[in-house]
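One letter stands for each residue in the lines below.
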Amino acid sequence: MKQQALIDEIATTPLKKHTSVTIETSIKASRQQLLKWVGNKQRFAREIISYFPTDYGTYFEPFLGSGAVWGALEPAKALVSDAFAPLVEIWQILQNDPEQLKQWYAERWHRMMAGEKVAGYESIKAAYNTAPNGADLLFLCRACYGGVVRFRKRDGYMSTPCGAHQPMPPTNFANRVDNWHPLTNNATIAHMNYAAAMQMAQAGDIIYCDPPYSFSQTILYGAQSFHLADLFEAIRSCKTRGIRVVLSIDGTKRSGNTICNVSIPDGLFEREVLVNCGHSMLKRFQMDGKTMQDEGVADRLLLTY
Ligand SMILES: C[S@@+](CC[C@H](N)C(=O)[O-])C[C@H]1O[C@@H](n2cnc3c(N)ncnc32)[C@H](O)[C@@H]1O
């Protein structure tokens, strides 16, 4: 079915069940972040995985980013992937040569600290922009302003200035590498588009999707093209094949039965849960379920099961 026809067909009918979940406070994830990544699910990871089934086969995370949910879940078998090549290079080095990853970070940290901090940072940024690579991206994401690696849409130029903070010392980073490395023993880490990864899933597997939603996010993640309606089609195909899919939605991007002006297909999701919904927000939700968007809900999950 053509994309527009799909969008036309999926009138804004309410989801089957709308579940509100009482969450006392934010729940800590077990691993401290290896990478700083905008839109990471570090704060919500434990809560998100509490909605996963326990009887799944392979865990798929096709929009890996900094892998917060993967890190909290510690699946016995995983295929984790992302379309951003320098990012995947970092994860693959973590898997194949963790000492090299520590060295990448330490070299750049010492280079920046040895001289004038901003000039050191800018030279690493210039090296990345000349030839995008995992080693420079690793350091930049930890040292850049606000931890927000930002790319110019036109040409992918990384433009974030130096952060005001001191990036963590190499020994601390090395501890994080040691903490994350065991996770990679049970994983295939791939550079691929989400659609190709989801195609590989089989009945009984579970897929967690945390896609970019907006135009601004495509700038943040290196200007990859992404269309939510295509993702819905991929999710539908997975559901038909007996694969369970969980989709994260940034609470601010959801309005009624649309996300960023794209309708949520009727019948695709069986449940919706609210994530990190603090007490006062929950109360307001119970008083008026229609105005969640303005109530500061941090995140939502749509589940196909
Ligand atoms: C919101 S982030 C994921 C954040 C992640 N959950 C975390 O905890 O850090 C979205 C990710 O999707 C990736 N991405 C964007 N378009 C993609 C595509 N077409 N296929 C696969 N990955 C894509 C981006 O590179 C980015 O890392």
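Quick caveat: nothing in here was measured; it's all calculated off a predicted structure.

Asks: Even after reading the chapter, I still don't get helix α11 (residues 228–240), so can you show me in this structure?
Replies: With 13 residues, α11 should cover 18 Å at 1.5 Å per step; its first-to-last C-alpha distance of 19 Å lies within 8% of that length. Taken residue by residue, α11 has Leu228, Leu231, Phe232, Ala234, Ile235 and Cys238 as its buried positions. Viewed end-on, α11 has its buried residues packed into an arc of 165 degrees, placing them on one side of the element. If you follow the buried residues of α11, they end up packed against α9 (194–199), β4 (206–209), β5 (244–250), β7 (258–259) and β8 (262–263). Positive backbone phi, approximately 80 degrees, marks Gly242, located one or two places after α11.

Asks: Would you take a moment to explain the pairing of β4 for this structure?
Replies: Looking down a regular strand, the side chains alternate between one sheet face and the other. Burial along β4 is two-sided: the residues Ile206 and Tyr208 and Ile207 and Cys209 are all buried. Relative to β4, strand β1 (residues 59–61) runs parallel, the two sharing two bridges. Bridging from a neighbouring strand, Phe60 pairs with Ile207 of β4. With four bridges connecting them, β4 and β5 associate as parallel partners. When the sheet's bridge partners are listed, Tyr208 is paired in β5 with Val246.

Calculation criteria
Residues numbered from 1 in each chain as written. Predicted model: local features only at pLDDT ≥ 70, side-chain atom pairs only at ≥ 80, totals over all residues. Helix = DSSP H or I, 4+ residues; strand = E, 2+ residues; numbered from the N terminus. Expected span 1.5 Å × (residues − 1). Buried ≥ 20, exposed ≤ 12 C-beta atoms within 10 Å, placed from the backbone. Arc of directions from axis to C-beta. Contact = placed C-beta atoms within 7 Å. Pairing = 2+ DSSP bridges.

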